[in-house]
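These are the residues of each chain, in order.
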Amino acid sequence: MNTCGFIDAAVEESLGAIGEALAKNGKVVVTGCLGAKRDFIRKIHPSVLAVTGPHDTPAVMDAVHAHLPRPHDPLVDLIPNTGIKLTPKHYAYLKIAEGCNHRCSFCIIPSMRGDLVSRPIGEVMQEAENLVKAGVKELLVISQDTSAYGVDLKYRTGFFRGKPLKTRMNELCAELGQLGIWIRLHYVYPYPHVDDVIPLMARGKILPYLDVPFQHASPRILKLMKRPASSEKVLQRLRDWRKICPEITVRSTFIVGFPGETEAEFSDLLSFLKEAQLDRVGCFAYSPVEGAAANDLPGALPEEVKLERRARFMGLQEKISLRKLKMKIGKKMKVLVDEPGIGRSMADAPEIDGVVRFKGGRAGEFADVLIDRADQHDLFGRLQ
Ligand code: SF4
């Protein structure tokens, strides 16, 4: 189980997920950021098999082998060339880099995982191709900062099937787009060059879906967060993206109740939300994480203020989401079936977004669903 430990809400979510996994099959190895807090996890979940820190594949594999004997393979390698994959057979995460060059004041990932280290593009493409050959139909491209891919390597040229390719997000997207499966981008920091992947989306090469964590809209709060963004520019770029690719789904996350956030700054955020009309939104009430620079900022807000702002924020977003989802009623949508009765359209990433519900379908297959109802999160329809 991979965990995230950069804000307390995520810690709680991860702890809950560990408990769920233990209840389901009793064999859990904890890894990722939260794995750095070994004693803390063991205190709450003493029956986990092992706890490893982030980016420690050998320790994870040791734990897996210690508790799960590897099947005998008379040929060369015991591990399939698709690698070890913990998702259903039809989708997989493709990690393209580790670490981050930013220093957002609420986050401790850089201090745990270090600066950005990109994987060579040839290696990433090879893994993607192996996964496709193994039957994967959707790849979720992830890293701490996907749009910075290759910066540390000065966009070095690598090779895939003998073809030279720059180690850069846009080149990677173009190449992944040749694989003929769903390619979904996560954790894309809004750098200007991100604009160049939108035409790929419009041409159907990669999914028209962008997960861009904006975090806030008030210039002062963004500065305190150490996020180099301006909400005016963001709004203009959203307009431009939608002009090029009208069906684009934009997902984002926000933090409310950051130290010193005034009611006026929170209102600015709500105005931004109204204007931006984002499709999918996650929102955390700020909570201090041990070691984060933001802990030293003055003006910590009372818990009830943070929660009340979060509730107002989500209340507004639910209205926006319902309105946008209702616009899909009467449309036929292609979905990837996760399990009979539940699928995801191009607009829905697994685990974090809504789903499309219907009767029937086979896990791992694509299906067409005619949408006849919507709520704030999900769509409902009939198989065609
Ligand atoms: S971009 Fe900011 S929030 Fe994301 S991993 Fe880097 S430092 Fe943390």
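Above: the structure in question.
Residues numbered from 1 in each chain as written. Predicted model: local features only at pLDDT ≥ 70, side-chain atom pairs only at ≥ 80, totals over all residues. Heavy atoms only, no water.

Structural notes on the nonpolar core
Core analysis: the largest hydrophobic core is formed by 58 residues, its most contacted members being L139, L176 and F313. At six residues, helix α10 (residues 263-276) tops the list of elements feeding residues into this core. For L176, the residues in contact, after removing those within four places along its chain, are L94, M125, A128, L139, V141 and I183. Core analysis: the second largest hydrophobic core is formed by eleven residues, L325, F358, A367 and L379 among them. (Core = buried A, V, L, I, M, F, W, Y, C linked by side-chain atoms within 4.5 Å. Buried < 20%, exposed > 50% of the residue type's maximum accessible area, 1.4 Å probe, protein only. Helix = DSSP H or I, 4+ residues; strand = E, 2+ residues; numbered from the N terminus. Contact = heavy atoms within 4.5 Å.)

Quick notes on the site of the ligand
Taken together, C100, H102, C104, F106, C107, P110, Q144, Y189 and R227 make up the full set of residues adjacent to the ligand. Of the residues that constitute the shell around the ligand, the class distribution is six nonpolar, two polar and one charged. (Near = heavy atom within 4 Å. Nonpolar A, V, L, I, M, F, W, Y, C, P; charged D, E, K, R; others polar.)

Points about the pattern of salt bridges
It is possible for side chains of opposite charge to pair when their charged atoms get near one another. Summed over all chains, the structure comprises 25 salt bridges. Residue E127 is joined to R119 by a salt bridge in which the shortest nitrogen-to-oxygen separation is 2.8 Å. Taking the shortest distance from any N to any O, the salt bridge between R237 and D195 comes out at 2.9 Å. One end of the pair, R237, is in helix α9 (residues 231-244); the other, D195, is in the loop between β10 (182-185) and α7 (198-202), with 42 residues separating them in the sequence. (Salt bridge = Lys/Arg side-chain N within 4 Å of Asp/Glu carboxyl O.)

Side note on the environment of R168
The topology assignment puts R168 in the loop between β9 (163-166) and α6 (169-176). Classification of R168 as partly exposed rests on a relative accessible area of 29%. Taking C-alpha positions, R168 is 7.7 Å from A148, a pair spaced 20 residues apart along the chain. Contact partners of R168, with chain neighbours within four places excluded, come to Y149 and Y155.

Quick look at helix α11 (residues 303-326)
Over its 24 residues, α11 extends 34 Å from the first C-alpha to the last, a length consistent with the 34 Å expected when each residue adds 1.5 Å. When α11 is considered as a whole, its buried residues turn out to be K306, R309, F313, M314, L316, Q317, I320, S321, K324 and L325. (Expected span 1.5 Å × (residues − 1).)

Considering the pairing of strand β8 (residues 157-160)
Here β8 shows a clear split, with G158 and F160 buried on one side and none of T157 and F159 buried on the other. In sequence, β8 turns back onto β9 through a hairpin of two residues, with R161 there showing a positive phi of about 50 degrees. (Pairing = 2+ DSSP bridges.)

Describing the sheet that holds strand β16 (residues 356-357)
Across a sheet, paired strands are connected by hydrogen bonds in the backbone, their directions being either parallel or antiparallel. With mixed pairing, the five strands of this closed barrel are ordered in space as β14-β15-β16-β18-β17. With two bridges connecting them, β16 and strand β18 (residues 379-383) associate as parallel partners. Its bridge partner being in β18, V356 is matched across the sheet by L379.

Looking at unusual backbone geometry
Even without glycine at this site, R161 takes up a positive phi of about 50 degrees. Structurally, R161 can be placed in the loop between β8 and β9. Phi at Y187 takes a positive value of approximately 55 degrees, unusual for a residue other than glycine. The class of Y187 is partly exposed, set by a relative accessible area of 37%.

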